[in-house]
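The chain contents come next:
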Amino acid sequence: MWNCIKINSFQRQVTVLWMVVLMVLGSVCHAQQLKQGTIYGQVTFSDGTPAADAVIYLEELKLTSISNETGKFSFKDLPYANYTLVIAVFGNEPVKQSVVVSSARITCNVKVEKATRQLQEVNIEAAGVKRQLEEKGFAVNVIETKNVELQSIQANELLDRSAGVRIRQNGGLGSQVQYNINGLTGNSIRIFIDGIPISSYGPSFSLNSIPNSMIERIEVYKGVIPAQLSDDALGGAINVVLKKSMRNSLSASYSFGSFNTHQANVNGAYRNDSTGFTARGSVFYNYSDNNYEVWGEKVYITNPLTGKVERIRAKRFHDSYNSWGGKAEVGFTDVKWADQLLLGVIFSDMQRDVQHGATMEIVYGNRYATQNTQQLSLNYAKKNFFIDGLDVTAFGSYSYLNRAVFDTVPYIYNWLGQRIDANGDGKWDKWASGAEGSSPTLQTSLEKNLTGRIHVAYAINANHRFHLNSLMSNFTRDQDDEMLPQIERDLMDTRMLNKRIYSVALESRFFDERVKTSLFAKQYVQDVRLKDRTKDSRTGTFVPFELSKSTRTTGYGIAASYTIVRNVMLVASAEKAIRLPEGSEIFGNAAENIDPSYELKPETSDNLNVGLNLGTFKMKKHGFALNTNVFYRNTNDMIRQGVPSQVSETYRFENLLSVISKGVDAELNYNYSDKVFYSAGASVFNARFNTEFDENGHRYYYYQKRLRNAPYFTANSNVRLHFNNVIQKESSVAVYYNVGYVHEFFRDWEGIGKNNKPIIPTQVVHDLGVAYTFPNKCVTISLDAKNLMDRQVFDNWALQKPGRAFYVKLNWKFI
Amino acid sequence: MLVITQHKLMKLAIVALAVMVGFSSCKKKEDDEDKGNEGHAPSTHVYHLAFAVDPDGQSSTFFQQVLDFRNGTYSFENLGFQLHSTRTARPYSSPNGHYIYSYDYLGGQVYSYHAGNSSADDYTLVDQINPTPAIGSNAARFTQVSSEECMLHIVTSSNADGGVVYDENNNFVRRKSMGAFLRVGTDNSNGALTMGSPKQFEILLPEDEMASGVYISRIDAPAVSNGKIYYGFARSQVNTSTLDAVSSYVPSDAAILVMDYPSLTNPHVIKTTLAEGNTNGFRTPMAHVSENGDVYQMVSANGKPTKILKLSNGQFDPNYVFNLSELVGRNTISNGWFYVGNGIGYVPFCDTDLGAASTPNWYVARVDLINNTAVVLNLPGNLWLQQYQYSKMVDGKFVMAIVPVGADGNFYLFDPASTSPNGFEVGAVIKQGAAGTAYIGVF
């Protein structure tokens, strides 16, 4: 759509983004259908001068256009019908005008009164989604994928460039990912897709496997989480908002690059405008050998006779990753009785080789894992449900996940991918345990998840809106391992976890919208049931038991923003956040040597954020914006694995630890005339262990020490350039260059010892990319170079990530 | 016919000279490197204090050198060298303490460090070997058996495929215990590590015992004397029909694996009913060789008296039992002990009437194996010595790092000649450890 509009300022970009959301991003290339026409219009003031930057809204199709410097605008490919245009020029009341589209080309000229203020200000008031979220007072980063969707960049890489967010990965494509938001990680961070916890989609729908062309934007909430995202998150949440194209479109992309990496996806959508019937679907395929080079202290081959090690640069040889899947939805959109009613299916399949154990010095050659998921979902949304101002969305899903680990081959491999005969007896050396990981395993697990969510919003009046949200999830897991004797297999339990989260929120606007608040409370209910057989430690006999436990707890918070003067906004938010204990933490698991711990309390955290958002300030063609966020978190009763006793060799979970964390993150944005975009972000935080004594009254030596094995200073700098009419007329070129910095940190606690402490070293990674869009706007080719300097990079101790890599990506927009 | 002209001879001589000079300069360089950071004089004995952090999980082990056991204050706060460690490190020192040899449990490597003298935590990695392929495990255990050699050993046993033997009528015969052994040479002049060839075989217990489901679950703490190596081990039992572990099992005798040394051949298990329990210990030495070549072996188990037995010429001495529990008049459990000569030893033990081994109810007894006496030393209370690995004689005194839980401690310099409960000198201060840490020895 925006290809036909010349946009000259960053504000206009923001406006366009807002527009994008309004119209729910659709196809770019026009369908060659009959009985369609285009409105060409011009907005002028009563004195005849053109009205630039007017927002023109086409009510019936919810389309938006913005007039250019000469006041011109257009709406292309409109089905023949009567339409209403709403023309808004800043400083004036909107003007309505009817248009009949009955031929291929319709001209429509609109006259408006001269605005009393400068026209550029229109754009500032027309806040983008990013701004709208910030105005609610939350500490939030909004990552737009629009500018990078044509590049070979994964969602996780975008997150990693965002201030205060750090992605830590164990290796290449498909490897384990850990999210860190201002220092909190693991179960404290929850991931959502369109507001639904990602756990209800099954792990195949990890952020890594979602092509960024399917993503509208990613919202990162730091500390305080809005009520609509209903899960028990303690330190932050990542909400991925997928595109919801309602117009006919078909696009595909294919990327090929280093390490034999292939990534392909096809996206399509169809809507019958007369019946509202809608179908949309996407399929994806990812493959990589991940055979990148690794080197350093843990990478060597061994002389079988002397045991002497020779350090080498080795290519990973057993690390391939292969996943494919799809998503399809059919139903109706924008009909009288529903804005959206869609029945969806998701399916996916994954296979991953495992190259090594906890560090790279133990090399595997055969262990691998698989998983597959199926999910069925139903989505309903309706604005003004029966009464005006009542908006309802409902979601229900049932998913089925199969996971398996295969490790039954005992041969020992070296980093050259060879088997070894150290004692020269003519037989390949074997692991004494009979398998690579530990004991031979063919472990399978089956997870079923039933999720339901209802969200109701009611606009009490123009300034107050009330939200009610309810999430229910019902989770079971069954495990088995045919390599184990029957008695142990019988011991493996079925875990059942039932979680309900109710939340209410009141959004209000005061003082001419200068103050906006969101007040919310969440009620968490968790029922855990476990069928198990436990072994009586004294008699050695088995006692079957079935137990259930219910936990109820309440969290609450407030977020507020205050616009002091235009472009200067103070935001603040506070929450008492909760993380409920997991089933295995409460009930233990005999097969994993975990004893039950019925008295476990939820983890809690008092989170406070204060931020100052400045801008965007415009000076001629220059635009500046600065967002800052200062946070404080006091986390208590963190659930931690206790100490196993020497005799029993089992352990239980305990509410032991508390952590106090303070920090600041900031992001600066600059743009010049829609051609140069620069952003720089940095995050520093100080998370200190705050439990002085253990349960026996012994003092922790790391009391008030910085958390171990966690990055605490990160920075990122990104510049992007846009050129038009390069090589070919009407073509466009985008170039970006990104530098990421992570300061070194200790694997173990600081304060003890000094010499030879394992360090995850400082990392500086340079990425460079270019994308060229051909004049027909339907084909884009992009090149990406990652880790340009071929630095040895680690996120975790002694687990090296890929070095320099190149990718080429082709994007087609067929319709 | 070979004709060497004078010119050629001259050239040859120059080359030869150059080679010699080259070699000698290389040699010199190596010598320089050996010295590290101005190493300690060869006659200086270097002692080390060791500290373990988070011994339950991803633990780390730290060393620092101790110059004076009597004066000063020792602490690991921002001081100390961290040994290479994935889960835990198992270190030993060379006789004069200039080198540390350490096994990285789960990393599967043996490292050798040189102690320099530029600071208390001046240590340099000088050698590394990877015995993992040879022994088939990165989770073996490591014991110093002489001043020139350490042993690496592991026993594996599993219910999984092929781990359990049935007869033709499908009756349970035994659960296999597969042993793997490897000699690791330690050159005390330069810290170089060498590796022997691995030995792997099934270790057999008496047939009826194996038929009852008993198998060897852990092997450790060997001692070498007169061409034999004596290995302690732990036994466990499975239910022969369900293969489930019988957790109530306690051995009703004491047993040792004996092999010819250094060939590691002729393995056989010897037994005695003089004591009941396991002989492998935890990380502390369990067996010591006396001046006349006898091996004194500790036997310990929960709920059974802690005893020391004597082994000579590959057999238990049927006439010798040292019963620590009886001599101190308490129910005890111990993870190992130290021998200082002339029949005198020191035994850290836990009073199991007061609490389990994981609680701070530990004591140290001076034992006289010849005169059959034991004296509980008058140390501060609240000691937790479960993780205590090693201690040494320093100038005629036996020195331990005694640090009560939650309080500062001291080096204690025990006088082996004294039979008094107060037969020690309190030395330099050791700052208190903390939750999840332990001082694990003097090396």
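Here is what the cut-offs are and how they apply
Residues numbered from 1 in each chain as written. Chains lettered and ligands numbered in written order. Predicted model: local features only at pLDDT ≥ 70, side-chain atom pairs only at ≥ 80, totals over all residues. Helix = DSSP H or I, 4+ residues; strand = E, 2+ residues; numbered from the N terminus. Rg over C-alpha atoms; globule rule 2.2 N^0.38 Å. Contact = placed C-beta atoms within 7 Å. Nonpolar A, V, L, I, M, F, W, Y, C, P; charged D, E, K, R; others polar. Pairing = 2+ DSSP bridges. Buried ≥ 20, exposed ≤ 12 C-beta atoms within 10 Å, placed from the backbone. Axes fitted to C-alpha atoms, helices over the stretch in contact; angles between N-to-C directions. Core = buried A, V, L, I, M, F, W, Y, C linked by C-beta atoms within 7 Å. pLDDT = per-residue confidence, 0-100.

Participant: Looking at this structure, I do not really get the overall build of chain B. What am I missing?
Facilitator: Across its full length, chain B carries four helices and 33 strands. Computed over C-alpha atoms, the radius of gyration of chain B comes to 25 Å, within 12% of the 22 Å expected from 2.2 N^0.38 for 443 residues, which places it in the range of a compact globule. When the backbone C-alpha atoms are referred to their principal axes, chain B occupies close to 85 × 65 × 40 Å. Pairs at least 24 residues apart make up 52% of the contacts formed inside chain B by residues separated by at least 6 positions.

Participant: How should I be thinking about the interface of chain A and chain B in this particular structure?
Facilitator: Where interface size is given, it is often the accessible area lost as the parts come together that is meant. Of the residues lining the interface, 48 residues belong to chain A; the matching set on chain B comes to 55 residues. For the side of chain A that touches chain B, the per-class residue count stands at 20 nonpolar, 18 polar and ten charged.

Participant: Hey, could you run me through the sheet that holds strand β32 (residues 424–430) of chain B in this one?
Facilitator: Pairing between sheet strands relies on hydrogen bonds along the backbone, with the strands arranged either parallel or antiparallel. Residue and element names in this part refer to chain B. Taken together, the five strands give an open sheet; going across it, the order is β3-β32-β31-β30-β29, and neighbouring strands pair in mixed fashion. The two strands at the open ends of the sheet, each matched to only one other strand, are β3 (73–74) and β29 (392–394). In this structure, strand β30 (residues 397–402) lies alongside strand β31 (residues 409–414), joined through five bridges in antiparallel fashion. Looking at β31, one finds that A401 is bridged to F411.

Participant: So what exactly am I meant to see when it comes to the environment of V426 of chain B here?
Facilitator: Residues and elements named next belong to chain B. Position of V426 relative to the elements: it lies in strand β32. For V426, a count of 14 C-beta atoms within 10 Å gives the class partly exposed. The sequence separation of V426 and L67 amounts to 359 residues, and the corresponding C-alpha distance is 16 Å. Aside from chain neighbours lying at most four places away, what touches V426 is N410 and Y412.

Participant: Looking at this structure, how should I read the sheet that holds strand β16 (residues 214–225) of chain B?
Facilitator: All names here are of chain B. With antiparallel pairing, the four strands of this open sheet are ordered in space as β16-β17-β18-β19. Where the open sheet ends on each side, the last strands, each with one partner, are β16 and β19 (265–272). Put simply, the sheet's adjacent strands are angled 25° from each other on average, direction ignored. Alignment of strand β17 (residues 228–237) against strand β18 (residues 254–260), held across five bridges, turns out to be antiparallel. Note that in β18 the partner of G232 across the bridge is I256.

Participant: Whenever I open this one, the nonpolar core confuses me. Can you help?
Facilitator: Generally speaking, nonpolar side chains in soluble globular proteins are found buried as a group. Formed by 157 residues in total, the largest nonpolar core has its most connected members in F51, L152, A401 and Y412 of chain B. Of the residues forming this core, the biggest block, six residues, is contributed by β16 of chain B. Residues within four places of L152 of chain B in sequence aside, it is in contact with Y103, P131, I135, A140, F142, L182 and V184 of chain B. Formed by 46 residues, the second largest nonpolar core is a distinct cluster that contains L158, V240, M569 and I578 of chain A.

Participant: What's the story with the environment of W324 of chain A in this structure? I'm lost.
Facilitator: Residue and element names in this part refer to chain A. Looking at the secondary structure, you find W324 in strand β23 (residues 321–335). Expressed as a C-alpha distance, the spacing of W324 and L614, which sit 290 residues apart in the sequence, is 43 Å. Look past the residues within four positions of W324 in its chain and what remains in contact with it is F284, Y285, S348 and D349.

Participant: How should I be thinking about unusual backbone geometry in this particular structure?
Facilitator: Most peptide bonds take the trans configuration, and most residues that are not glycine carry a negative phi. A cis geometry characterises the amide bond from Y261 of chain B onward to P262 of chain B, with omega recorded as 15°. Phi angles above zero are rare outside glycine, and N756 of chain A is one such case at about 70°. Looking at N756 of chain A, the number of C-beta atoms within 10 Å reads 19, which means it is partly exposed. Phi at N78 of chain B takes a positive value of approximately 55°, unusual for a residue other than glycine. Along the chain, the position of N78 of chain B falls in the loop between β3 and β4 (81–82).

Participant: Any chance you could explain the confidence of the model for chain A here in plain terms?
Facilitator: Parts of the model with low pLDDT should not have their predicted coordinates read in detail. Residues and elements named next belong to chain A. For chain A, per-residue confidence averages 81 on the pLDDT scale, and 86% of positions sit at 70 or higher. With pLDDT under 50 throughout, residues 1–34 is counted as low confidence; its partners more than four residues away or in other chains account for 84 contacts. Counting contacts from residues 117–126, a segment whose pLDDT is below 50, to residues more than four positions away or on other chains yields 25 contacts.

Participant: Would you mind showing me how to read the pairing of β23 of chain A here?
Facilitator: One face of the sheet, then the other: side chains in a regular strand alternate in exactly this way. Residues and elements named next belong to chain A. Strand direction decides the pairing type here: strand β18 (residues 277–288) and β23, joined by twelve bridges, are antiparallel. Across the sheet, the residue bridging to F277 is F332, located in β23. Inspection of the sheet shows β23 paired to strand β24 (residues 338–353) by 14 bridges, in the antiparallel sense. Bridge pairing in β24 links W324 to D349. Between the antiparallel neighbours β23 and β24 lie two residues.

Participant: Looking at this structure, I do not really get the confidence of the model for chain B. What am I missing?
Facilitator: Residue and element names in this part refer to chain B. On average, chain B scores 88 in pLDDT, and the residues at 70 or more come to 90%. Mean pLDDT across the elements of chain B ranges from a minimum in helix α1 (residues 6–35), with 43, to a maximum in strand β27 (residues 362–368), with 97. Here residues 1–6 is modelled with pLDDT under 50, and outside its nearest four sequence neighbours on either side it reaches one contact, counting other chains as well. This model gives residues 12–37 a pLDDT under 50, and the stretch forms eight contacts once residues within four places in sequence are excluded. Reported confidences for the modelled complex are a pTM of 0.78 and an ipTM of 0.77.

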